[in-house]
Amino acid sequence: MLFGAHCSGGIKGALDRAIEIGADAVQLFAQSPRMWRFPEHAEEDLARFRDRRTEAGIGAVLVHALYLCNLATKDRTIYAKSRATMLSTVDAAVAIEADGVVFHVGSHLGAGLKAGVKRCVPALREVLDRCSEQTWLLLENSAGAGGTIGRSIDELAIIVDALGHHPRLGICLDSCHLYVSGVGDPDAVATALAEVDDRIGLDRLRALHVNDAAAPLGSNRDRHANVLEGELGERMGAFLAHPAVQSLPAVMETPGPDGHGPDAAAVQKLRDLHARWT
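All of the points below concern the structure found in this document. Worth saying up front: this structure is predicted, and the values here are computed from it rather than measured. (Residues numbered from 1 in each chain as written. Predicted model: local features only at pLDDT ≥ 70, side-chain atom pairs only at ≥ 80, totals over all residues. Heavy atoms only, no water.)

The next point concerns the pairing of strand β7 (residues 205-209). Within β7, 4 of the 5 residues are buried, which leaves the element mostly enclosed by the surrounding structure. Direction of pairing for strand β6 (residues 169-174) relative to β7: parallel, over a ladder of 4 bridges. Among the inter-strand pairings, Cys 172 is bridged to a residue of β7, identified as Ala 207. Bridging between β7 and strand β10 (residues 249-252) involves 2 bridges; their strand directions are parallel. For Leu 208, the partnering residue across the bridge sits in β10 and is Ala 250. (Buried < 20%, exposed > 50% of the residue type's maximum accessible area, 1.4 Å probe, protein only. Helix = DSSP H or I, 4+ residues; strand = E, 2+ residues; numbered from the N terminus. Pairing = 2+ DSSP bridges.)

A separate point is the packing of aromatic side chains. Counting across every chain of the model gives 1 aromatic pair. Ring geometry for Phe 29 versus Tyr 67: centroids 5.8 Å apart, planes at 75°, classification edge-to-face. Of this pair, Phe 29 sits in the loop between β2 (25-28) and α2 (43-56) while Tyr 67 sits in the loop between β3 (60-64) and α3 (76-95), placing them 38 residues apart in sequence. Judged by its relative accessible area of 16%, Phe 29 falls in the buried class. Its relative accessible area of 48% is what places Tyr 67 among the partly exposed residues. (Phe/Tyr/Trp six-rings, centres within 6.5 Å; stacked < 30°, edge-to-face > 60°.)

On to empty space enclosed by the protein, then. All told, the structure shown has 1 cavity of 30 Å³ or more when counted by the stated rule. Computed from the structure, the largest cavity encloses a volume of approximately 70 Å³. Those elements that place two or more of their residues in the lining of the largest cavity are α6 (175-180), α7 (186-199) and α8 (236-241). Ranked by the residues each element gives to the lining of the largest cavity, the list is headed by α8, at 3 residues. In the lining of the largest cavity, the residues fall into 8 nonpolar, 2 polar and 2 charged. (1 Å grid on protein atoms, 1.4 Å probe; cavity = no way out; pocket = protein on both sides within 12 Å on 5 of 7 lines; lining within 4 Å. Points joined across faces, edges and corners; volume = space filled by probe spheres on them. Nonpolar A, V, L, I, M, F, W, Y, C, P; charged D, E, K, R; others polar.)

The subject of this paragraph is a negative patch on the surface. A surface patch of negative charge is lined by Glu 195, Asp 197, Asp 198 and Asp 203. The class of Asp 198 is exposed, set by a relative accessible area of 64%. (Patch = residues over 30% accessible without salt bridge, like charges linked within 9 Å, V, L, I, M, F, W, Y side chains within 5 Å. Areas by Shrake-Rupley, 256 points an atom, 1.4 Å probe, with all protein chains shown as cover. Salt bridge = Lys/Arg side-chain N within 4 Å of Asp/Glu carboxyl O. Lys, Arg positive; Asp, Glu negative; His and termini not counted. Charge placed at Lys NZ, Arg CZ, Asp CG, Glu CD.)

Another aspect to go through is the nonpolar core. For soluble globular proteins, the rule of thumb is that nonpolar side chains tend to be buried together. By size, the foremost hydrophobic cluster in this structure holds 82 residues, and its most contacted members are Leu 137, Leu 139, Leu 173 and Leu 208. If we skip the residues at most four places from it in the chain, Leu 137 touches Met 86, Val 90, Val 101, Phe 103, Leu 124, Val 127, Leu 128, Cys 131, Arg 168, Leu 169 and Gly 170. If you look at the next biggest cluster of nonpolar residues, it comprises 9 residues, including Ala 25, Leu 138, Cys 172 and Ala 207. (Core = buried A, V, L, I, M, F, W, Y, C linked by side-chain atoms within 4.5 Å. Contact = heavy atoms within 4.5 Å.)

Under the defined criterion, the tally for this structure stands at 14 salt bridges. Here Arg 271 and Asp 24 are joined by a salt bridge, their closest N and O atoms 3.0 Å apart. Highlighted residues: Arg 271 in helix α9 (residues 264-277) and Asp 24 in the loop between α1 (10-20) and β2, separated in sequence by 247 residues. Its relative accessible area of 23% is what places Arg 271 among the partly exposed residues. Close ionic contact of Asp 99 with Arg 53 constitutes a salt bridge, the shortest N to O distance being 2.8 Å. Here the residue Asp 99 occupies a position in the loop between α3 and β4 (100-103), and Arg 53 occupies one in helix α2, the gap between them amounting to 46 residues. We classify Arg 53 as buried; its relative accessible area is 11%.

A word on the sheet that holds strand β5 (residues 136-140). The 8 strands lie next to each other as β1-β2-β3-β4-β5-β6-β7-β10, forming a closed barrel whose pairing is parallel. In this sheet, neighbouring strand axes are inclined to one another by 30° on average, regardless of whether the strands run parallel or antiparallel. Along the sheet, α9 makes contact with β1 (2-6) and β10, crossing β1 at roughly 145°. (Axes fitted to C-alpha atoms, helices over the stretch in contact; angles between N-to-C directions.)

Note that Asp 154 resides in helix α5 (residues 153-162). Considered as a pair, Asp 154 and Gln 134 are 20 residues apart in the sequence and their alpha carbons are 26 Å apart.

Let's shift gears to the layout of surface pockets. Space inside the largest pocket adds up to approximately 640 Å³. Lining the largest pocket we find 30 residues, and of these His 6, Cys 7, Ser 8, Phe 29 and Pro 33 sit closest to its centre. For the lining of the largest pocket, a count of residues per class yields 9 nonpolar, 15 polar and 6 charged. Of the volumes computed, that of the second largest pocket is approximately 280 Å³. Residue lining of the second largest pocket: 18 residues in total, with Tyr 67, His 104, Ser 142, Thr 148 and Asp 222 positioned closest to the centre. In terms of residue class, the lining of the second largest pocket is made up of 8 nonpolar, 8 polar and 2 charged.

Written as structure tokens, this is what we have:
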């Protein structure tokens, strides 16, 4: 298992932070997470990232798409911005030879799941065409608030089916999102992974987000807590211990001790938790 964290600094700085905290894997944004504008990344920055990753032996790199993206919306302006941003994100991820682009489909905003899936599929087909053999598109399960799509393994499977089981389409499972969607104990985790195997295929499970939950079981509230400091606590080990996930990147998206993300101690805490359960 490759232990790591979402690190600030983007393409220019996130990798240095990951190395500093002793991570095996890193997740980053390819743009500011607070605005639509996508930057023009200089070729020298892209090349430095590729070279630095090789030198440091970082085992996995994930790029997280902008949270503002919503490919399930009826709003034409938001849809167009989301499509353009997703295409640019994948292009940047391919350029740095990332292993995946993690994203949320978005919300149908009351139009219903069927309408939301129908809306997102054409854009996702375009995005998948820009992926590479190395850089996959990874659907992430959602916390389940409002009309968000992907709140269950079944909803993720519906999208995978609608996209014809594209060879570069995978999924990323988030432990906090599973918990606040009702998956709360080791048996429930095993059942969820069995459903992934049956409906989607475990070969498409390409990454884990390892976040404790700062909201109750089944609350559908997306609130992350530091590992072992939330509602899940030690039970997070069941998420890390399943045989099917042992080769995957396990990335924290947590506040850290000072609100600036995980530090070296957090990475070690994650390693120790995994060791206790395996």
